[in-house]
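Survey of secondary and tertiary structure
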Amino acid sequence: MKIDGGCHCGYIAYEAEADPAKTYICHCTDCQTLSGSAFRTVIPTREGSFRLRSGELKIYLKTAESGAARPQSFCPNCGTPIYSTTVGEDPKVYVLRLGTVRQRGQFTPKLQLWSRSAQHWVNDISSVPRIEKQPAFTPGGAVGDKP
Ligand SMILES: [Zn+2]
Ligand SMILES: [Zn+2]
C-alpha cells in the first residue's frame, strides 16, 4: 500500500510503499537507545519505493552486532528518527519508523524481534493504569510536564 509521512517539525517528508503484514517490533538495545523508548515499531518499505519528498536527512552510521554498517537517518532540526537502511545505492529497503507514517493506525505488529532484551514490563502494559489525555500532574513531574 502507498504510505507517506515525515518528521515532527515538518522539514522531512517522504512517500513509499509497504505491506502492513511486515510490521514488527524490535526490542534490541540499540533500538531502545536510538528511539529513546522501550522498543521500536517499524515497517520495511518495498524495495526501491522510498522517495524523500522534502528536506535533507542527517545520517548516523551504526555498526550492528553482525558487524554490518547500518545507516540511521533522522531530521537535523527536530531529531525524529525516519529510517534505517543498508549502505549502497538504491533500489534498497528502508525500514521506516512507524511513528512517522501518517497511516500508522492501519499497521499492527506481526512479530517481536530481540525479545531477549525486551524490557520486563512490556508484556503487562495493559495492566498499567491509563489516563485518556495529559493529567494535571504526571508521576514524579510538575504540572503540564509533557513527555
Ligand atoms: Zn523535523
Ligand atoms: Zn532493533
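Scroll up a little and you will see the structure.
Residues numbered from 1 in each chain as written. Chains lettered and ligands numbered in written order. Predicted model: local features only at pLDDT ≥ 70, side-chain atom pairs only at ≥ 80, totals over all residues. Heavy atoms only, no water.

Protein-derived ligands of the zinc ion (ligand 1) are Cys7 (SG), Cys9 (SG), Cys75 (SG) and Cys78 (SG), with the metal-ligand distances lying across 2.3 to 2.4 Å. Geometry at the zinc ion (ligand 1) is tetrahedral, judged from the four donor atoms that bind it and their angles of 105 to 113° at the metal. Along the chain, the residues donating to the zinc ion (ligand 1) are arranged with the sequence spacing C-x1-C-x65-C-x2-C. With cysteine 9 in the loop between strand 1 (2-6) and strand 2 (13-17) and cysteine 78 in the loop between strand 7 (69-74) and strand 8 (81-85), this residue pair connects regions lying 69 residues apart in the sequence. (Donors = N, O, S within 2.8 Å, 3.2 Å for Na, K, Ca; no water. Tetrahedral: all angles 85-135°; square planar, octahedral: opposite > 155°, others 65-115°. Helix = DSSP H or I, 4+ residues; strand = E, 2+ residues; numbered from the N terminus.)

This paragraph deals with unusual backbone geometry. Residue proline 91 follows aspartate 90 across a cis peptide bond; omega there is 5°. Non-glycine residue tryptophan 114 carries a positive phi angle of around 55°. For tryptophan 114, the location among the structural elements is in the segment after strand 10 (111-113). Classification of tryptophan 114 as partly exposed rests on a relative accessible area of 37%. (Buried < 20%, exposed > 50% of the residue type's maximum accessible area, 1.4 Å probe, protein only.)

What the rule picks out here adds up to four aromatic pairs. A network of ring pairs unites the aromatic residues Tyr14, Phe50, Tyr83 and Tyr94 as a single cluster. (Phe/Tyr/Trp six-rings, centres within 6.5 Å; stacked < 30°, edge-to-face > 60°.)

No statement about biological role is implied by the geometric values presented.
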